[in-house]
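The residues making up each chain are set out below.
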Amino acid sequence: DWAGGVFDGTIRVPVENLSDRRRVARIRDVLRHETAHAFSHSIGGSRVPAWLNEGVAQWLENPARRDESVRYARARLASQAGDLFPLAELTGSLIGWKERAEITRAYDQALAFTDYVVRQYGIDIVFEMVAACEEGGAEGAAEHFRSRLLIDLDAVLGDFAVSLND
């Protein structure tokens with residue numbers, strides 16, 4: 001009930017009230033988000049971890065508002081005293097999660113961490129990690145990152161946590 005749309009092999013978006021321009025703009029953003037999930041699934045298969053899958057989808061959702069969305073996500077995360085989920089907890093789908101505060105925190109972390117990785121290491125590594133999931137899932141993404149950059153992804157998450165207080 002909290003999702004604006006779903007990708008389950010098919011992009012599913014509720015389309016209603018198309019006379020409202022704000023609603024149409026929101027549907028456009030949801031379609032971009034769900035299309036990004038379809039893209040991730042097509043190159044990384046079903047084993048793309050939630051943090052990467054949702055991070056990419058949100059990052060691509062509305063380029064004009066990306067910086068604002070990332071700022072808000074970082075601010076919400078910082079207000080929680082840097083209490084981040086370990087990446088291992090964000091490997092499966094978030095669709096089965098029930099606690100709204102945890103869902104919001106997971107989405108915020110996915111977006112802000114993906115943006116952090118893009119700014120520090122470039123967009124190519126993010127898409128390469130998605131592709132590496134086809135063979136190795138979350139471990140494949142982490143291993144690809146480590147082999148390309150000689151840095152552990154969990155260490156980067158630690159650096160990201162520190163950056164929330166900057």
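Everything below is about the structure shown above.
Residues numbered from 1 in each chain as written. Predicted model: local features only at pLDDT ≥ 70, side-chain atom pairs only at ≥ 80, totals over all residues. Heavy atoms only, no water.

Asker: Which parts of the structure should I look at to understand the packing of aromatic side chains?
Answerer: Each pair of aromatic rings is reported with the distance of its centres and the angle of its planes. Under the definition given, this model contains six aromatic pairs. One aromatic cluster is present, formed by Trp-51, Phe-113, Tyr-116 and Phe-160 through successive ring pairs. Here the guanidinium or amino end of Arg-66 rests over the ring plane of Trp-59, the centre of that ring lying 3.6 Å away. Over the aromatic face of Phe-85 sits the side chain of Arg-105, whose NZ or CZ is 3.9 Å from the ring centroid. (Phe/Tyr/Trp six-rings, centres within 6.5 Å; stacked < 30°, edge-to-face > 60°. Lys NZ or Arg CZ within 6 Å of the ring centre and 35° of its normal.)

Asker: Would you mind showing me how to read helix 2 (residues 50-61) here?
Answerer: Each α-helix turn comprises 3.6 residues. Residues three or four places apart therefore point the same way. Over its twelve residues, helix 2 extends 16 Å from the first C-alpha to the last, a length consistent with the 16 Å expected when each residue adds 1.5 Å. In terms of burial, helix 2 is a largely internal element, eleven of the twelve residues being buried. (Helix = DSSP H or I, 4+ residues; strand = E, 2+ residues; numbered from the N terminus. Expected span 1.5 Å × (residues − 1). Buried < 20%, exposed > 50% of the residue type's maximum accessible area, 1.4 Å probe, protein only.)

Asker: Would you explain helix 3 (residues 66-79) in this entry?
Answerer: Compared with an ideal rise of 1.5 Å per residue, which puts 14 residues at 20 Å, helix 3 spans 20 Å between its outermost C-alpha atoms and is within 8% of the ideal. Three or more residues of helix 3 are buried, namely Arg-66, Val-70, Ala-73 and Leu-77. Seen along its axis, helix 3 keeps its buried residues to an arc of 65°; they face one direction. The exposed set on the far side of helix 3, more than 90 degrees from its buried face, consists of Arg-71 and Ser-79. (Arc of directions from axis to C-beta.)

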